[in-house]
Amino acid sequence: MPMQNVRTTPIDGQKPGTSGLRKKTAVFRRPRFLENYVQSIFDGIGGVEGKTLVIGGDGRFFNDAAIQIILRMACANGAVKCIVGQGGLLSTPAASHLIRLREADGGLILSASHNPGGPDADFGLKYNGPNGGPATEAVTDKIFECTKSLALYKIAAAEDLDLGQLGTHKLQDMVIEIVDPVADYAALMETIVDFAKIRALFEGGFTMCFDAMHAVTGPYAHAVLEDMLGAPKGTVINGQPSPDFGKGHPDPNPIWAKTLMDKMHGANAPDFGAASDGDGDRNMIVGRGAYVTPSDSLALLTAHAHLAPGYKGGLAGVARSMPTSRAADRVAESLGIGCYETPTGWKFFGNLLDAGKVTLCGEESAGTGSDHVREKDGLWAVLLWLNILAETGKPVSELMADLWKAHGRCYYARHDYEDVDGDKASVMMDGLRAKLGGLAGSRIGALTVEAADEFAYLDPVDGSQSTGQGIRVAFEGGGRAVFRLSGTGTQGATIRLYLEQLETDPARLQEAPETMLKQVRAAALILSDLVAITGRDAPDVIT
Ligand code: G1P
Ligand code: ZN
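Throughout what follows, the structure given in this document is the object of discussion. These numbers come from a predicted model, not from an experiment.

With respect to the sheet that holds strand E24 (residues 471-475)
Spatial strand order, E20-E21-E24-E25-E26-E19-E27: seven strands in an open sheet with antiparallel pairing. At either margin of the open sheet sits one strand with a lone partner, and together these are strand E20 (443-444) and strand E27 (541-542). Examined bridge by bridge, E24 and strand E25 (residues 479-485) share five bridges and lie antiparallel to one another. If you follow isoleucine 471 over to E25, its bridge partner there is phenylalanine 483.

Encoded structure:
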């Protein structure tokens, strides 16, 4: 049966970002674009001969066609087996679990996460290593190097496979096993949280709304929440994955999950609300009339995880990405456990988890996870919350009020300025960088700078260094502003400005975040000259 060696030339712009390669779908569909990148991944990881790969994606437009190409290329490159989610579907955390469970050599996940899907929207592809986590920087660097000198890709000539047929199939000498995308993941969840307790909670009349945002978590949430835990049918909304996510933006935050937010703040709101993103690794948590910031959610889970069977021995430590608020640090300190600050992106948590230094980790961008997989995990976070709600019997708002009373409240917001001219964004960042040395002690607006630097990370496990990971400015009195450029955008530059203000006065724990963040925001804008440089007087999205 013919294997084809196809001559090619390098294609510019195949540098993986925060989470794999993300581009406009139309770019991915250009001749040789996907093939070049897949061959570069294979070459960059030392070939796939004799290897087993897990393959699946979030079901967005081009998911299935891309999987057919990847399978034919894996075959021609000598892989022995590919394990594929039925219909080409696997949530990111389920793929991470499957890699670990089957001791596969790695996996390819097709997703642009929370970015919209469709022919005119976004597509993405990321490689995860044998520990189930995103490729390390060393590996992504190798992949990128390969993209720059690629001369040939290998592909088998074969018919498309029916991805809907569970069971074992053959593509020439390579075995393709099509598996139920949900079963193994659901079984894992049963070992971590107390299903009986949560079932009893629902039996007692507890109500919930889970918005799957027309994305991959739909089947997972229907199976786990409704079928296994007995939540009434209708608890899961928008539960059918669609190639364009119902023309929506599958990003679980108060802006894009507005339907859910309105429901949770309206009359007859359910007790608990949650949402997940395109590929199922993000989560949004909202109580009746009470939105929980992802940073606060990480802190709350850190404080109460021991209530779930999977963490009953306590936590080894907790890690958060640098821009994430310092709420979890305060809880970790009181628990006497380690707390690590890593650069943005899940790949930095992998080493800490593998080395047993941390059990939980999280990011301000609605990502929370634990050592059960090597990715963030949306539905897992929701289940752990449910376990805590069932054990404590308290509503979300009361749990949060208790947390703030005990540790202070880190008021928090992220302001995104999207599709900014790349040069202007660089001018702003360069300007900030140039000022850093002399900032400490200076008065900016109403605040005094305590410390300012550009974040660099020394991995305590493998000693690798990552520099240029965002500019952070701490103010006296517990304020902080962080500036960084997004590594996942597909158009222009996205400036992210992260604002934080600690408040420990018991009388000021229920204020509006906008009010509490005013001074930090004003100081950040003076310092960066953002408005004048970019011509933007307001952010596009505030989360
Ligand atoms: C964004 C988030 C980051 C997350 C990543 C992948 O990256 O900020 O926390 O890990 O998406 O989901 P950014 O666009 O900021 O580089
Ligand atoms: Zn995602």
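Back to the text.
Considering the site of ligand 1
As a structural note, the neighbourhood of ligand 1 is formed by 15 residues, with Ser365, Ser486, Gly487, Thr488 and Arg496 the closest of them. In the model, an oxygen atom of ligand 1 is placed 2.6 Å from a nitrogen or oxygen of the serine 365 side chain. At 2.6 Å, a side-chain N or O of serine 486 approaches an oxygen atom of ligand 1. Notes on ligand 1: free accessible area 380 Å², of which the protein chains cover 98%.

Details of the coordination of the zinc ion (ligand 2)
In the first shell of the zinc ion (ligand 2), the protein supplies Ser113 (OG), Asp277 (OD), Asp279 (OD) and Asp281 (OD), at 2.0 to 2.1 Å from the metal. Every donor counted, the four donor atoms about the zinc ion (ligand 2) form angles of 85 to 161° at the centre, which fits irregular coordination. Between the donor residues of the zinc ion (ligand 2), the gaps in sequence give the motif S-x163-D-x1-D-x1-D. Highlighted residues: serine 113 in the loop between strand E5 (106-110) and strand E6 (122-128) and aspartate 281 in the loop between strand E12 (272-276) and strand E13 (283-287), separated in sequence by 168 residues.

Considerations on the side chain of threonine 344
In this fold, threonine 344 is placed in the loop between strand E16 (338-342) and helix H12 (349-354). Threonine 344 sits in the buried class, given a relative accessible area of 13%. Side-chain polar atoms of threonine 344 contact the side chain of arginine 484, separated by 3.4 Å. Among residues more than four places away in sequence, those in contact with threonine 344 are Thr18, Ser321, Pro323, Glu363 and Arg484.

A closer look at the pattern of salt bridges
If you walk through the whole model with that rule in mind, you get 32 salt bridges. A salt bridge links lysine 258 to aspartate 262, with the nearest nitrogen and oxygen atoms 2.9 Å apart. Here aspartate 262 and lysine 258 lie together in helix H9 (residues 258-265), a separation of four residues that amounts to about one turn. Residue class for lysine 258 comes out partly exposed when judged on its relative accessible area of 47%.

Analysis parameters
Residues numbered from 1 in each chain as written. Chains lettered and ligands numbered in written order. Predicted model: local features only at pLDDT ≥ 70, side-chain atom pairs only at ≥ 80, totals over all residues. Heavy atoms only, no water. Pairing = 2+ DSSP bridges. Helix = DSSP H or I, 4+ residues; strand = E, 2+ residues; numbered from the N terminus. Near = heavy atom within 4 Å. Polar contact = N/O pair within 3.5 Å; in protein donor to acceptor, adjacent residues only side chain to side chain. Areas by Shrake-Rupley, 256 points an atom, 1.4 Å probe, with all protein chains shown as cover. Donors = N, O, S within 2.8 Å, 3.2 Å for Na, K, Ca; no water. Tetrahedral: all angles 85-135°; square planar, octahedral: opposite > 155°, others 65-115°. Buried < 20%, exposed > 50% of the residue type's maximum accessible area, 1.4 Å probe, protein only. Contact = heavy atoms within 4.5 Å. Salt bridge = Lys/Arg side-chain N within 4 Å of Asp/Glu carboxyl O.

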